[in-house]
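# Architecture and fold: a report
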Amino acid sequence: MVNKQGQTRLSKYYEHVDINKRTLLETEVIKSCLSRSNEQCSFIEYKDFKLIYRQYAALFIVVGVNDTENEMAIYEFIHNFVEVLDEYFSRVVSLMIMFNLDKVHIILDEMVLNGCIVETNRARILAPLLILDKMSES
């Protein structure tokens, strides 16, 4: 997840990538996505994988997958992820991501396990967070 200025707000890897290579990889991926116009396709062939991205206001959500993944399924997954964030936070903005990174990771971890989408039901995704919120209130 990156903002329009190209600053990474959230990154998650499901395969090992050296920390030094991550920075370069993220820079190249962000540059590839931000340089495209709204009229261009949201799927990009990049090296040995595909990038699928969606823009929501000033945020870009980019997912890199291998060539066997269904692009439309990942495209819809991104939208579902944003809808879950929107339901929990009421508004998805860059600052919200920065100040609630732990909760965003919990949401993503409920949806994806080892790089595979395991849950798409919003109520089940948000249940652990709502329980944590109730516990912190008491």
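What counts as what
- Residues numbered from 1 in each chain as written.
- Predicted model: local features only at pLDDT ≥ 70, side-chain atom pairs only at ≥ 80, totals over all residues.
- Heavy atoms only, no water.
- UniProt positions renumbered as here; feature names shortened; annotations may be inferred.
- Helix = DSSP H or I, 4+ residues; strand = E, 2+ residues; numbered from the N terminus.
- Rg over C-alpha atoms; globule rule 2.2 N^0.38 Å.
- Buried < 20%, exposed > 50% of the residue type's maximum accessible area, 1.4 Å probe, protein only.
- Contact = heavy atoms within 4.5 Å.
- Lys, Arg positive; Asp, Glu negative; His and termini not counted.
- Charge placed at Lys NZ, Arg CZ, Asp CG, Glu CD.
- Pairing = 2+ DSSP bridges.
- Salt bridge = Lys/Arg side-chain N within 4 Å of Asp/Glu carboxyl O.

The chain is annotated in an unreviewed UniProt entry as AP complex subunit sigma from Rhinopithecus bieti. In its Subcellular location (unreviewed entry) section, UniProt records this for the chain: "Endomembrane system". In its Sequence similarities (unreviewed entry) section, the UniProt record describing the chain reads: "Belongs to the adaptor complexes small subunit family."

## A few points about the overall build of the chain
When its secondary structure is counted, the chain shows five helices and six strands. Mapped from its N terminus to its C terminus, the chain presents α and β elements in the order β-α-β-β-β-α-α-α-β-β-α. A compact globule built from 138 residues would reach a C-alpha radius of gyration of about 14 Å, and the chain, at 15 Å, matches this within 12%. Taking the principal axes of its C-alpha atoms as reference, the chain extends roughly 50 × 35 × 30 Å. The proportion of buried residues among the 138 residues of the chain is 33%. Contacts in the chain between residues far apart in sequence, at least 24 positions, make up 44% of those at least 6 positions apart. Each charge class in the chain was averaged separately, 15 positive and 20 negative side chains, and the resulting centres sit 5 Å apart.

## Examining the sheet that holds strand S1 (residues 2–3)
Strand order in the open sheet formed by four strands is S1-S4-S3-S2, and the pairing between neighbours is antiparallel. Across the chains shown, the open sheet's two edge strands, defined by having one partner strand only, are S1 and strand S2 (43–46). Across two bridges, S1 lies against strand S4 (residues 59–65) in antiparallel orientation. When the sheet's bridge partners are listed, Asn 3 is paired in S4 with Leu 59.

## With respect to the pattern of salt bridges
By the definition in use, this model includes eight salt bridges. When the shortest N-O distance is used, the salt bridge between Lys 12 and Asp 109 registers 2.6 Å. You can see Lys 12 sitting in the loop between S1 and helix H1 (19–34) and its partner Asp 109 sitting in helix H4 (residues 101–111), a full 97 residues away along the chain. On the basis of relative accessibility, which here comes to 38%, the residue Asp 109 falls in the partly exposed class. Put simply, Glu 71 and Lys 50 hold a salt bridge, and the shortest N to O gap is 2.9 Å. With Glu 71 in helix H2 (residues 71–89) and Lys 50 in strand S3 (residues 49–56), this residue pair connects regions lying 21 residues apart in the sequence. Taking relative accessible area as the criterion, Lys 50 reaches 7% and is therefore assigned buried. Salt bridges linked by common partners bring Glu 83, Glu 87 and Arg 122 together as one network.

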